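What follows is each chain in one-letter form.
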Amino acid sequence: MFFGRAPLRVQPFFGFRSEDRISLTARALRSREALFNSRNFLSDFRTMLGQYTSHEVPGVEVEFEYQSACGEPLRHTATTDDEGFARFDFAFPSPHNRPAQTEWETATLRWQAVAGQHDGGEVTAHILAPGTRAGVGIISDVDDTIMETGITGNLRAIARNWKRVMVQMPSERILVPGARDFYAALGGNPAISRPDEPQARERPVFYVSSSPWNLFTYLVTFKRERDLPLGPIMLRDWGFNRKTLGSEGHGSHKLEVIERVLDHYPDMRFALVGDDTQKDAIAFAEIVAARPKQIAAVFIRTVSWANPNEAQLAARNAIEQAGVPFWTGSDYRAVDEFLAEIGLDSDKQVEHLVRASEDDIGAKD
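Turning next to the side chain of Asp-345. If you trace the backbone, Asp-345 turns up in the loop between helix H10 (336-342) and helix H11 (346-364). Those residues in contact with Asp-345 that sit more than four places away from it in its chain are Ala-185, Arg-203, Leu-339 and Ala-340.

Enumeration according to the criterion identifies 18 salt bridges in this entry. Note that Arg-21 is salt-bridged to Asp-89, the shortest N-O span being 3.1 Å. Of this pair, Arg-21 sits in strand E3 (residues 21-30) while Asp-89 is found in strand E6 (residues 85-91), placing the two residues 68 residues apart along the sequence. The closest approach of N and O atoms between Arg-98 and Asp-267, which form a salt bridge, is 3.3 Å. Placement of the pair is Arg-98 in the loop between E6 and strand E7 (103-111) and Asp-267 in the loop between helix H7 (247-264) and strand E12 (269-275), with a sequence separation of 169 residues. If you follow the salt bridges from partner to partner, you end up with Glu-63, Glu-65, Arg-75, Arg-110 and Glu-122 in one network.

So, on to the confidence of the model for the chain. Per-chain confidence: the chain averages 85 in pLDDT, with 84% of residues scoring 70 or above. Ranking the elements of the chain by mean pLDDT puts H11 last, at 42, and strand E2 (residues 15-17) first, at 98. Throughout residues 240-247 the model reports pLDDT below 50, and contacts reaching past four residues in sequence, or to other chains, amount to 10 contacts. Overall, residues 350-365 carries pLDDT values under 50, and its contacts beyond four positions in sequence, including any with other chains, amount to one contact.

On to helix H9 (residues 310-321), then. Owing to its 3.6 residues per turn, the α-helix brings residues three or four apart onto one side. Its 12 residues place the ends of H9 16 Å apart at the C-alpha level, agreeing with the 16 Å of an ideal helix rising 1.5 Å per residue. Among the residues of H9, Gln-312, Ala-315 and Ile-319 are the ones counted as buried. For H9, the arc enclosing every buried residue in end-on projection is 55°, short of the 170-degree limit, so these residues lie on one face. For H9, exposure combined with an orientation more than 90 degrees from the buried face picks out Glu-310 and Gln-321. Where H9 is buried, its residues touch helix H8 (280-290), strand E13 (295-301) and strand E14 (326-329). With a side-chain oxygen positioned 3.1 Å from the backbone nitrogen of Ala-311, the residue opening H9 is Asn-309. Phi for Gly-323, located one or two positions after H9, is positive at around 85°.

Together, Phe-41, Leu-42 and Trp-162 make up an exposed nonpolar region whose accessible area comes to about 310 Å². With respect to the element layout, Leu-42 can be found in helix H1 (residues 41-52). Residue Leu-42 is classed as partly exposed on the basis of its relative accessible area, which comes to 46%.

Assignment of secondary structure puts Trp-111 in strand E7. Between the C-alpha atom of Trp-111 and that of Glu-122, which follows or precedes it by 11 residues, the distance is 6.4 Å. Setting aside its immediate chain neighbours within four residues, Trp-111 contacts Leu-8, Arg-9, Val-10, Val-60, Glu-61, His-118, Asp-119, Gly-120, Gly-121, Glu-122 and Val-123. A distance of 3.4 Å separates a polar atom in the side chain of Trp-111 from the backbone oxygen of Asp-119.

Here we come to the side chain of Gln-51. By the element assignment, Gln-51 lies in helix H1. Setting aside anything within four residues of it in sequence, one finds Gln-51 in contact with Ala-34, Phe-36, Asn-214 and Leu-215.

Here we take up the environment of Val-167. Relative to the assigned elements, Val-167 resides in the loop between helix H3 (162-166) and helix H4 (179-187). For the pair formed by Val-167 and Thr-47, sequence separation is 120 residues and the distance between their alpha carbons is 8.0 Å.

Here we come to unusual backbone geometry. The backbone phi angle of Asp-144 is positive, close to 65°, even though this residue is not glycine. Mapped onto the fold, Asp-144 is located in the loop between strand E9 (136-141) and helix H2 (155-160).

All right, on to helix H5 (residues 216-225) then. The element H5 is largely enclosed, with a buried count of seven among its 10 residues. Here H5 has its buried residues at Phe-216, Tyr-218, Leu-219, Val-220, Thr-221, Phe-222 and Lys-223.

Attention now moves to the packing of H8 against H9. Their axes nearest at 9 Å, the elements H8 and H9 cross at an angle of 35°. H8 and H9 meet at a crossing whose hand is left-handed. Contacts between H8 and H9 involve Ala-281, Ile-282, Phe-284, Ala-285 and Val-288 on the former and, on the latter, Ala-311, Gln-312, Ala-315 and Ile-319. For the contact of H8 with H9, the per-class residue count stands at eight nonpolar, one polar and no charged.

Cut-off values and rules
- Residues numbered from 1 in each chain as written.
- Predicted model: local features only at pLDDT ≥ 70, side-chain atom pairs only at ≥ 80, totals over all residues.
- Heavy atoms only, no water.
- Helix = DSSP H or I, 4+ residues; strand = E, 2+ residues; numbered from the N terminus.
- Contact = heavy atoms within 4.5 Å.
- Salt bridge = Lys/Arg side-chain N within 4 Å of Asp/Glu carboxyl O.
- pLDDT = per-residue confidence, 0-100.
- Expected span 1.5 Å × (residues − 1).
- Buried < 20%, exposed > 50% of the residue type's maximum accessible area, 1.4 Å probe, protein only.
- Arc of directions from axis to C-beta.
- Polar contact = N/O pair within 3.5 Å; in protein donor to acceptor, adjacent residues only side chain to side chain.
- Patch = residues over 30% accessible without salt bridge, like charges linked within 9 Å, V, L, I, M, F, W, Y side chains within 5 Å.
- Areas by Shrake-Rupley, 256 points an atom, 1.4 Å probe, with all protein chains shown as cover.
- Axes fitted to C-alpha atoms, helices over the stretch in contact; angles between N-to-C directions.
- Left-handed = near helix turned anticlockwise from the far one by under 90°.
- Nonpolar A, V, L, I, M, F, W, Y, C, P; charged D, E, K, R; others polar.

This is how it looks when you write it as structure tokens:
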């Protein structure tokens with residue numbers, strides 16, 4: 001009854017495309033968009049409770065329209081499933097070149113009114129198109145990699161920090177020390193964009209998290225407020241089961257996402273960024289073993305006080321034996337020299353490209 005009064009809306013998540021494929025997911029919900037303005041404990045708790053107790057709407061027919069370079073708009077239709085998801089993942093009829101510089105493109109989602117059930121409407125969706133000059137992209141974890149959770153280690157830690165999950169607004173969450181500068185150095189400076197558009201960095205950034213899809217807007221708000229790169233966020237549909245709550249589920253989800261991104265961009269190399277709380281190094285080592293040429297570097301932030309176990313040490317050794325640069329540490333502020341040493345500092349790369357361009361012009365003159 002509470003949700004029945006809320007209007008139907010379709011929430012698009014950030015999509016991405018290559019020359020050959022385009023991928024975007026949206027979700028039909030009966031809810032109003034959350035305003036993450038901290039007021040008081042009770043109102044903030046209600047806001048967060050509303051995020052977790054979403055009312056999904058199945059059976060909504062959603063049309064996806066994207067203006068391709070060939071002139072004719074591409075249209076596809078999907079019907080939302082039992083969890084409210086409409087998934088669009090299809091090949092272009094002919095190759096659709098990526099831009100030279102990484103940028104955000106747009107698509108339009110529309111749905112028709114159904115008498116006695118919901119009104120119709122449309123919404124703009126944003127799709128990341130990695131630039132052909134980027135060369136390198138980033139695939140990053142979220143929890144304890146860019147946002148402190150305080151819930152690693154044991155159940156007592158979770159109990160002590162429940163307010164972070166159930167009450168705190170994005171502006172109150174703690175940014176991992178040094179994360180802003182680290183991602184600026186790795187991803188590059190933001191391009192100029194309008195206030196209602198995501199900012200594009202020189203290098204595309206993809207995020208993977210075991211948090212539920214319900215927190216998409218929350219996480220985007222956190223990143224905007226901290227001036228972190230925006231990019232597609234691959235989250236999970238939660239359930240109270242071992243697959244969702246166990247570490248095995250996190251690992252398999254992370255592997256699936258990384259492989260999917262690598263498949264989309266076989267011409268690019270990627271830096272993998274994670275932490276030591278959810279076996280990220282082990283998952284990254286598996287990716288490195290399968291696709292060493294596509295991995296530019298691995299970064300693991302140390303969060304737990306425990307010493308690395310045998311599996312983690314073996315993972316690090318496998319990554320380094322494959323010739324992939326590996327960094328680990330508790331503070332991103334100590335990573336500058338490493339980035340410069342392995343050639344991934346975006347400022348240095350830009351300087352190199354500018355010098356190369358000037359040399360080419362001078363040679364032509």
